[in-house]
Amino acid sequence: RTHTSPVRYIQSSSRPRLPPLAFAFDIDGVLLRGPHTIPAARRALDMLNGVNPMGVTIPFILLTNGGGLGEEARRHKLSSQLGVEIHSNQIVQAHTILKSVVHKYADKPVLVLGGRNDEIRKVAEDYGFKHAYTTLDVLAWKPEVWPFHNLTPEERASVKPADFSGIPISAIFVFHDPRNWSLDIQVILDVIRSRGIVGGPYLDPSPTSNQQSLPPVELVLCNPDLLWKSDFPQPRLGQGAFREAFQAVYQAVVGARYPCVQYGKPTKATYEFAESVLRDRLEEFSGDRVDEMPRVYMIADNPESDIAGANAAGWPSVLVKTGVYDPSRGPPTHTPSYIAEDVEEAVRWAIEREM
Ligand code: G3P
Ligand code: MG
């Protein structure tokens, strides 16, 4: 595995020092638009690989609310899309943070949602979830769960046979953006209202139901994005929109929103997790402990997720105009350190500011 090691700053002391800055790049709307690479992205990453006034390599991570694949599979895709070698330990996706909590659920049955059925189960199992089920598994078990979707042959080939009448789901993890919102909302509603046993009696808070002893099912979401920028002229609905759709149904049916755990940008948990990933990356680069972090520049397209999170984390940020943010609709809802046309201008501005 080749990886570019930086031309290190050598001071009078023998210990090498890293450049005074590092970067955290958002992906959708900054580096990619759907499957297409934004042309400025390759030029920006060249600047980090030594094409800069000091001729040094500047470390970076990718910090995205996207996901659906494991970090190793995603890194191969991103390396070819971006034309630079990306390493799996440089990628923080919406669900990467679940690696830090999986130990609490490793032996418990969980429901995992988002992306393609077989892919998201593999991501969950690779993280350590030993009993990961999908909404298509539930539909394959009892098609009457949701009469309006017939499994395609490809979907049927990806299901894990199970009898859910005896499988108490302990938690629901929305890893990535769900594909079949109606089926997913129906199954989540059944799991939550029956406290884990799909098809079991609803146990909404009512003094009479004797199964109150069953603990409530945890609902964990990994990406709060209401909107995101793909390769359509207007932004697309993201996982945050799915959450709102579910909560609206739950409110209408049960009378209140359901408490949930939310990860993803701009949450503090995700920025703290990303900073620990970047610190590990810096220590790999410098070959030594990193006592003082360099200034981390967040390069991003979505004020509500990227800039809000960077501001709260104390990271300087650059908002680009190639994604969700549309300057024609007025100033951004969260103020960045700088607004740039694209990621190349953003990186150049940050380097000139620090070097
Ligand atoms: O599903 C992806 C989308 O919500 C945002 O991705 O890379 O802009 O954080 P990104
Ligand atoms: Mg984005």
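Residues numbered from 1 in each chain as written. Chains lettered and ligands numbered in written order. Predicted model: local features only at pLDDT ≥ 70, side-chain atom pairs only at ≥ 80, totals over all residues. Heavy atoms only, no water.

If you check an unreviewed UniProt entry, the protein chain appears there as HAD hydrolase from Dichomitus squalens.

Engineer: Tell me about the sheet that holds strand 7 (residues 91-92), and please be specific about residues and values.
Structural biologist: What the six strands build is an open sheet, ordered 7-6-3-15-16-17; its pairing is parallel. At either margin of the open sheet sits one strand with a lone partner, and together these are strand 7 and strand 17 (338-340). Both strand 15 (residues 295-300) and strand 16 (residues 317-320) contribute to a ladder of three bridges, which runs parallel. The residue of strand 16 that forms the bridge with A300 is L319. Across the sheet, helix 9 (residues 303-313) is in contact with strand 15 and strand 16; its angle to strand 16 comes to roughly 165°. (Pairing = 2+ DSSP bridges. Helix = DSSP H or I, 4+ residues; strand = E, 2+ residues; numbered from the N terminus. Contact = heavy atoms within 4.5 Å. Axes fitted to C-alpha atoms, helices over the stretch in contact; angles between N-to-C directions.)

Engineer: Before we move on, could you go through a nonpolar patch on the surface and cite the residues and values that matter?
Structural biologist: Side chains of L226, L227 and L237 sit close together on the surface and give an oily, nonpolar patch of about 280 Å² of accessible area. Relative to the helices and strands, L237 resides in strand 13 (residues 236-237). Residue classification places L237 among the exposed residues on the basis of a relative accessible area of 56%. (Patch = residues over 30% accessible without salt bridge, like charges linked within 9 Å, V, L, I, M, F, W, Y side chains within 5 Å. Areas by Shrake-Rupley, 256 points an atom, 1.4 Å probe, with all protein chains shown as cover. Salt bridge = Lys/Arg side-chain N within 4 Å of Asp/Glu carboxyl O. Buried < 20%, exposed > 50% of the residue type's maximum accessible area, 1.4 Å probe, protein only.)

Engineer: Which residues make up the coordination of the magnesium ion (ligand 2), and what values go with them?
Structural biologist: For a metal with four donors in a tetrahedral arrangement, the ideal angle between donors is 109.5 degrees, while six donors in an octahedron ideally sit at 90 or 180 degrees. Summarising the metal site, the magnesium ion (ligand 2) is bound by the protein donors D26 (OD), D28 (O) and D301 (OD), whose distances to it range over 2.0 to 2.1 Å. Mapped onto the sequence, the residues coordinating the magnesium ion (ligand 2) show the spacing D-x1-D-x272-D. Since its relative accessible area comes to 4%, D26 is described here as buried. In this structure D28 comes out as buried when scored by relative accessible area, which is 17%. (Donors = N, O, S within 2.8 Å, 3.2 Å for Na, K, Ca; no water.)

Engineer: Tell me what's going on with the sheet that holds strand 9 (residues 131-133), and back it up with residues and numbers.
Structural biologist: Pairing within the open sheet is parallel, and its five strands lie in the order 9-8-10-11-14. Looking at which strands have only one partner, the edges of the open sheet turn out to be strand 9 and strand 14 (261-262). Sheet topology note: the strand 11 (residues 218-221)/strand 14 ladder contains two bridges and is parallel. Each residue of the ladder has a partner; that of L221, found in strand 14, is Q262.

Engineer: Explain the site of ligand 1 residue by residue, including any values.
Structural biologist: Neighbouring residues of ligand 1: 13 residues in total, closest D26, D28, T64, N65 and K265. Measuring from an oxygen atom of ligand 1, one finds a backbone N or O atom of N65 at 2.7 Å. Between ligand 1 and K265 there is a distance of 2.8 Å, counted from an oxygen atom to a side-chain nitrogen or oxygen. Contact with the protein chains covers 97% of the free accessible surface of ligand 1, which is 310 Å². With respect to the detected pockets, ligand 1 is housed in the largest pocket. Per-class residue counts for the shell around ligand 1 are two nonpolar, five polar and six charged. (Near = heavy atom within 4 Å. Polar contact = N/O pair within 3.5 Å; in protein donor to acceptor, adjacent residues only side chain to side chain. 1 Å grid on protein atoms, 1.4 Å probe; cavity = no way out; pocket = protein on both sides within 12 Å on 5 of 7 lines; lining within 4 Å. Sits in = over half its atoms within 2 Å of the grid points. Nonpolar A, V, L, I, M, F, W, Y, C, P; charged D, E, K, R; others polar.)

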